[in-house]
Amino acid sequence: MVLEIINREIENYKRILTSVDYGELYKWEALQNFQNNWNIEAVDFKTMYDKSFHSTDSNNLWANPHWFPKAVMLQFIDYDSERVRQMFRDLYNEGEEIDKRIERFVYHCDIILDEIQAINTSVKSHFHDGQRIVSLYLAFRFPEKYAIYKYTEFKTFMELVRAKSIPGTGEYERFFNVVRTIYKILTKDSELMQLHKAILKENCYKEETLMLAQDFIFITARHNLS
């Protein structure tokens, strides 16, 4: 990656952060809400999950007209809440390799979907196989280690900063490593950090989180696509 290009885009990002067009704070609000509500041992796992993934501002992170993983996961919990609870325990087991954890989570989603479709053919997809929502689960649980993965934005960003090799789909560990590297670069810019701190609302997450780097990568990619 070419540092000169990254630094140029950081200056662009600063201008976007302080403009009326910046509308990404809902992610920090949703992260704080998750931190307030997540309890994997909750007796009522469904209510806990529902509250953890809730936003008063935008449901964009887990729902749109053609993509609704949260709604399907609530159906999965209705079907077998303890199996789903164990799926999250496994996903959050930091003693295991991240790629294997993601693969197992998606595999179990496939199995439950097959079982539900045997009795209810209206459920067509679990929407967890693109890894965006699974990476969100990880990013919200361990915000200092993971970030939300979206392949198109990641690929575009890597092309923009002239990476030696362009990632293919599903290179999650590489994505997380790039995000960590970008985060280190961003945190060295004291002006950027002050600007970002100033726009965070009271209900936003204010601890260390790679979401800042993910936000920078996505906004930079989208700005250069437009």
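The structure displayed is predicted, hence computed values, not measured ones. Residue indices follow the written sequence of each chain, beginning from 1 at its first position. Only residues with pLDDT of at least 70 get local features here, since the model is predicted, and only at 80 or more are side-chain atom pairs given and counted; chain-wide, interface and lining totals rely on the full set of residues. Note that the side-chain values use all heavy atoms of the structure and ignore hydrogens as well as water.

> How would you sum up unusual backbone geometry? Please name residues and give values.
The backbone of Phe127 shows a phi angle near 60°, a positive value even though the residue is not glycine. Of note, the phi angle at Arg162 is positive, near 60°, even though the residue is not glycine. Residue position: Arg162 is located in the loop between helix H7 (151–160) and helix H8 (172–187). Runs of H or I in DSSP of at least four residues are treated as helices and runs of E of at least two as strands, each being numbered from the N terminus.

> Just give me the short version of the environment of Val84, but keep the residues and values in it.
Here Val84 is to be found in helix H4 (residues 69–91). Put simply, Val84 and Phe105 are 21 residues apart on the chain and 9.3 Å apart in space, counted from C-alpha to C-alpha. We call two residues in contact when some of their heavy atoms are within 4.5 Å. Apart from residues no more than four positions distant in its own chain, Val84 is found in contact with Phe45, Met73, Phe76, Ile77 and Ile112.

> Give me the packing of aromatic side chains: which residues, what numbers.
Think of it this way: a Phe, Tyr or Trp ring, Trp meaning its six-membered ring, pairs with another when their centres are within 6.5 Å, and the plane angle makes it stacked under 30 degrees, edge-to-face over 60, tilted otherwise. For the structure shown, the criterion picks out 29 aromatic pairs. When the ring of Phe53 is compared with that of Trp62, the centres are 5.8 Å apart and the planes differ by 80°; the resulting orientation is edge-to-face. The class of Phe53 is buried, set by a relative accessible area of 1%. We call a residue buried when its accessible area falls under 20% of the maximum for its residue type, exposed when it is over 50%, and partly exposed in between, using a 1.4 Å probe and counting protein chains only. In this structure Trp62 comes out as buried when scored by relative accessible area, which is 2%. It is Arg132 that lies over the ring of Trp67; its NZ or CZ is 4.5 Å from the centre. The rule is short: NZ of Lys or CZ of Arg within 6 Å of the ring centre and within 35 degrees of the ring normal puts a charge over the ring. Taking the ring centre of Tyr92 as reference, the NZ or CZ of Arg141 above it sits at 5.9 Å.

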